[in-house]
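# Residue-level structure breakdown
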Amino acid sequence: MRDVVMMLDRDPQVTGMVSRPVEFVWEEGGRTVTHAPDLAIVLADGGIRLVDCPGSSGPSARLASRARVAGLCAKDAGWEHRFADAADPVALANGRWLSVYRHPRCSVDIPAARLRKAFASPIALLEGALRLGDPIATLPAVYHGLWHGLLSMAWDHVLSEKTPVVAVPAGPHREGARR
């Protein structure tokens, strides 16, 4: 579940998240059954999504059965319910690396406008960092920009100094992501 939370943290459509937000209780076959979805996320459009995180092997028959009921309850409440998508292992590795740079201290000396200028057209990550100055000082800001979506790359390719990176156009939906 940790990896799901990490990847949701960088999703601009996710504005809030809480763990095990609700427990559904029902009678089935003469016994009480319960299920608490792993996460509830609040979406930018105000929607609520309940998420179950079954792991890499997918949902067990028991979880699938319970999630079916949770999905019906969610629908009645005007919410949606999903299983978390299995993330690409390379995207997860990139996410784990870049998530270390999510804090604003990583970009304090390089404003978004300078990042966008250095990466105005696709350029190798290290070459863009060099345009900004000493890469020891500028790479944290580049990684911060990638984490928060100010810069873009192919997440399903291994991140390296040769990774093509390009700026994402400025907009109110992105600027708030720099936290």
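Since the structure is predicted, the reported quantities are computational estimates derived from the model, not experimental observations.

Next up on the list: helix α5 (residues 125–132). Inspection of α5 places Leu125, Gly128, Ala129 and Leu132 among the buried residues, and these make up the whole buried set. On an axial view of α5, the arc spanned by its buried residues comes to 100°, and they lie on one face. As for α5, its buried residues are in contact with α4 (112–118), β7 (123–124), α6 (135–147) and β9 (164–167). Two residues or fewer after α5 comes Gly133, characterised by a positive phi angle close to 140°.

Here we come to the packing of aromatic side chains. Per the counting criterion, the structure on display carries 3 aromatic pairs. Note on Trp97 and Tyr143: the rings are 5.9 Å apart at their centroids and 85° apart in plane angle, and the pair reads as edge-to-face. With Trp97 in helix α3 (residues 89–99) and Tyr143 in helix α6, this pair connects stretches of sequence that are 46 residues apart. Residue Trp97 is classed as partly exposed on the basis of its relative accessible area, which comes to 45%. With a centroid separation of 4.8 Å and an interplanar angle of 55°, the aromatic rings of Tyr101 and Tyr143 are classed as tilted. Of the two residues, Tyr101 is situated in the loop between α3 and α4 and Tyr143 in helix α6; the sequence distance between them amounts to 42 residues. Each member of the pair, Tyr101 together with Tyr143, is buried. Linked through ring pairs, Trp97, Tyr101 and Tyr143 together constitute an aromatic cluster.

What follows deals with the sheet that holds strand β4 (residues 39–43). Pairing is mixed across the open sheet formed by 4 strands, whose spatial order is β1-β4-β5-β6. The open sheet is flanked by β1 (14–19) and β6 (80–83), the only strands paired with a single partner. Adjacent strand axes in the sheet meet at a mean angle of 25° when their direction is disregarded. In terms of strand pairing, β1 meets β4 through 5 bridges, oriented antiparallel. Bridging across to β4, Val14 finds its partner in Leu43.

The rules behind the values
- Residue numbers here run from 1 along each chain, matching the order of that chain's written sequence.
- Per-residue local features of the predicted model are confined to residues with pLDDT of at least 70, and side-chain atom pairs are confined, for both listing and counting, to 80 or more; whole-chain, interface and lining totals are unaffected and use all residues.
- Note that the side-chain values use all heavy atoms of the structure and ignore hydrogens as well as water.
- Accessibility here uses a 1.4 Å probe with only protein chains present; expressed as a share of the type maximum, an area under 20% marks a residue as buried, one over 50% as exposed, and anything in between as partly exposed.
- Strands here are runs of E lasting at least two residues and helices are runs of H or I lasting at least four, both read from the DSSP assignment and numbered beginning at the N terminus.
- An arc is given here, and it is the one of the directions from the helix axis to the C-beta atoms.
- Here, residues are in contact when the closest pair of their heavy atoms is within 4.5 Å.
- Ring pairs are drawn from Phe, Tyr and Trp, using the six-membered ring of Trp, whenever the two centres fall within 6.5 Å, and their geometry is named by plane angle: stacked under 30 degrees, edge-to-face over 60, tilted for the rest.
- Strands are treated as partners if at least two bridges between them are detected by DSSP.
- Here the axes come from fitting lines to C-alpha atoms, over the contacting stretch only for helices, and the angles between their N-to-C directions go from 0 to 180 degrees.

Purely spatial values, then, with no claim about function.
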